[in-house]
Amino acid sequence: MRRRGGAAVRVTLVEPRAPLQATSQFSTECYRDFFVDTALVPFMSRSVSLLEELAETDDAINLNRRGYCFFAGSDAGTKALERFGVQASSFGAGPLRRHDGSAGRGLAEYERSCQGTPLRKRVSRKTGRFGSWEPTGVHHEWTTSVAVRYQAFFCPAGSGCHDPHPNLVVNLEYGTLDAERRRRSPANGFRGPTGLDLVYGPELIQEIYPFVTSKAQVMLHARRCGWLDAQALGRAMLTASGGQVLRGEVVGFDTHQGAVTAVQVQQNDGVAVSLKCDAFVNAAGAWMERVNKLLEAPPLPLKNEVHAKVILNDVQGVIPQTAPFMVWRDQVDLDWEEDMKEFLLELDDTATGGMVNSASWLAKQPGGQHLRPCGNGRVLLLWEHLHRHVPVPEDPEMPISDFLEMYPELCVRGLKEMVPGLGGYVEGLGKDTSVDGGYYTVMPDGRPLVSPHGASNAYVCGGMGTYGLMGSPAAGELLAMHLLQEPLPSYADACLWPRRSVPEEEVIDLLDESS
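Parameters and conventions
- Residues numbered from 1 in each chain as written.
- Predicted model: local features only at pLDDT ≥ 70, side-chain atom pairs only at ≥ 80, totals over all residues.
- Heavy atoms only, no water.
- Helix = DSSP H or I, 4+ residues; strand = E, 2+ residues; numbered from the N terminus.
- Buried < 20%, exposed > 50% of the residue type's maximum accessible area, 1.4 Å probe, protein only.
- Contact = heavy atoms within 4.5 Å.
- Areas by Shrake-Rupley, 256 points an atom, 1.4 Å probe, with all protein chains shown as cover.
- Core = buried A, V, L, I, M, F, W, Y, C linked by side-chain atoms within 4.5 Å.
- Salt bridge = Lys/Arg side-chain N within 4 Å of Asp/Glu carboxyl O.
- Patch = residues over 30% accessible without salt bridge, like charges linked within 9 Å, V, L, I, M, F, W, Y side chains within 5 Å.
- Lys, Arg positive; Asp, Glu negative; His and termini not counted.
- Charge placed at Lys NZ, Arg CZ, Asp CG, Glu CD.
- Pairing = 2+ DSSP bridges.
- Axes fitted to C-alpha atoms, helices over the stretch in contact; angles between N-to-C directions.
- pLDDT = per-residue confidence, 0-100.

Draft legend 1. Here's a closer look at the overall build of the protein. Helix and strand counts for the protein stand at 11 helices and 22 strands. Buried positions account for 50% of the 515 residues belonging to the protein. Counting only contacts in the protein whose residues sit at least 6 apart along the sequence, the fraction spanning at least 24 positions is 72%. Accessible surface computed for the protein: about 22,800 Å², of which carbon and sulfur atoms make up 50%.

Right, dumping it as structure tokens:
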């Protein structure tokens, strides 16, 4: 609003918590520009462009472009990833490149799109001394904004130097990089390839990511994707808006002739405040419908879902901290011992209204489990379908007090199908393993909700579910266009309520096959 409307625009954010402490605080902080929806592709492409604009000067939001890598080990999974790649490309995600090891379609062509050749330092097992620098696979590079830092790997002769020694992680600063070279780095920076790459065969896949299972028959690497710092993004957007934060809760409205004239706020200190306004925006996330009812506006078909993630301290060094966002697509068997199967049957309490559906864990589970490194040796693990059955009240609590107690073990069991090394944590999750989460607020068609609604000067902004954080720049811009009565972009109609168009293709969610 401030960017488009100038200094005359004054924005007040009413928030009972510190900003981003409800759901975005607990997100995976990722972004992507591939969707199988003609409306979502330009919407998200615009949003990613706005993120890149924010990061252009000093990358204060720590935006990277490591990509999303999807893996499958079955014929059905291979066909699904091929189909998705073709569709996503045709919908505007960029060119689809295939690499199967044949002439002109091998690893060299894949690595060429990764921009640059990182180095590794050989370490003598006998003396512990460092040898000469030499080229290695792209996934080993680690850079900072001012220098290259290489992670030293323990490399006995003939080992291929694929896996980091858990007790030997040495940071070394060697020289500086110009800004353009740094931005092309696959580990850091946000300038790089676009489109998608399909890589076939376990040999090629393991050349790129040696820690991935040899069962993987195909990898789909979507390029204009990665993650960022959610808190830094929030600070940057709040600063750019020139707005103020009022700590409190919306409890009512004053209206006149169908327009909101003031918003009634109960501050956290107990003081009641009346905020006069020219427009009101309901962007309350999981609490949008509660605010909607206060305004006596028509109901919205929003649904809240629990979003939980595991923070694993990867003391065994299984996942390189330079890895991309990684997803296993195929169904998996969780490989329980017989006595554990009996325990899970007894543990199930869904017959009495509980949330522990452990009897269902004995069957094959849908794919979609995913991970990404998050710094300081930690790794985020997620598997959305495991909490999808948990009912969420209309006015949900925050922070969430109840997650599945076995969620960390379930994620590890599911993800060791993609990364066998994670199997070492099945019986040995440390006490420093934690779980947190928030809520996804979704629309039935999976599209954003950015629209006038209720009063003549009232609007809604939300319903973006898995892409809320990454979609917020485009959603905020679109909302400002509505408020300032500017010409709207092509995707605006798809975000209105009631809907004026419906998705032309079946929704495909590679992060949750159960959906």
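Draft legend 2. Geometry of the nonpolar core. In terms of nonpolar packing, the biggest core is built from 58 residues, with Phe71, Tyr209, Trp361 and Leu371 touching the most fellow members. Secondary structure elements with two or more residues in this core: strand S3 (68-72), helix H4 (107-112), helix H6 (202-208), strand S16 (303-313), strand S17 (325-328), strand S19 (378-382) and helix H10 (407-415). Residues in contact with Trp361, not counting those within four places in the same chain, are Leu334, Trp336, Leu344, Val356, Leu386, Leu404, Met406 and Leu410. If you look at the next biggest cluster of nonpolar residues, it comprises 51 residues, including Val36, Tyr200, Val218 and Trp227.

Draft legend 3. Representation of the pattern of salt bridges within the structure. Within the structure shown, the criterion is met by 26 salt bridges. Linking Arg65 and Glu52 is a salt bridge whose minimum nitrogen-to-oxygen distance equals 2.7 Å. With Arg65 in the loop between helix H2 (40-55) and S3 and Glu52 in helix H2, the pair connects residues that are 13 residues apart, well separated along the chain. Residue Glu52 is classed as buried on the basis of its relative accessible area of 6%. Several salt bridges converge on common partners, so that one network encompasses Asp33, Glu52, Glu56, Arg65, Arg191 and Arg224.

Draft legend 4. Local environment of a negative patch on the surface. On the surface, a cluster of negative charge is contributed by Glu337, Asp339, Glu342, Glu346 and Glu427. Its place among the elements puts Glu342 in helix H9 (residues 338-347).

Draft legend 5. Structural detail: the sheet that holds strand S21 (residues 449-452). The three strands lie next to each other as S15-S22-S21, forming an open sheet whose pairing is mixed. Both edges of this open sheet fall to strand S15 (280-282) and S21, since each of them pairs with a single strand only. If you compare each strand with its neighbour and ignore which way they point, the axes differ by 15° on average.

Draft legend 6. Examining the pairing of S16 more closely. Most of S16 is tucked away: nine of the 11 residues are buried. Here S16 runs beside strand S20 (residues 434-442); their pairing, made up of nine bridges, is antiparallel. Paired with Lys303 across the strands is Val442, a residue of S20. Bridge count between S16 and S19: four bridges; the pairing is antiparallel. The partner of Val310 across the bridge, within S19, is Leu381.

Draft legend 7. Examining the confidence of the model for the protein more closely. Of all residues in the protein, 83% attain a pLDDT of 70 or more, and the chain-wide mean is 84. Scored below 50 in pLDDT, residues 116-185 shows 130 contacts in the model against residues more than four places distant or in partner chains.

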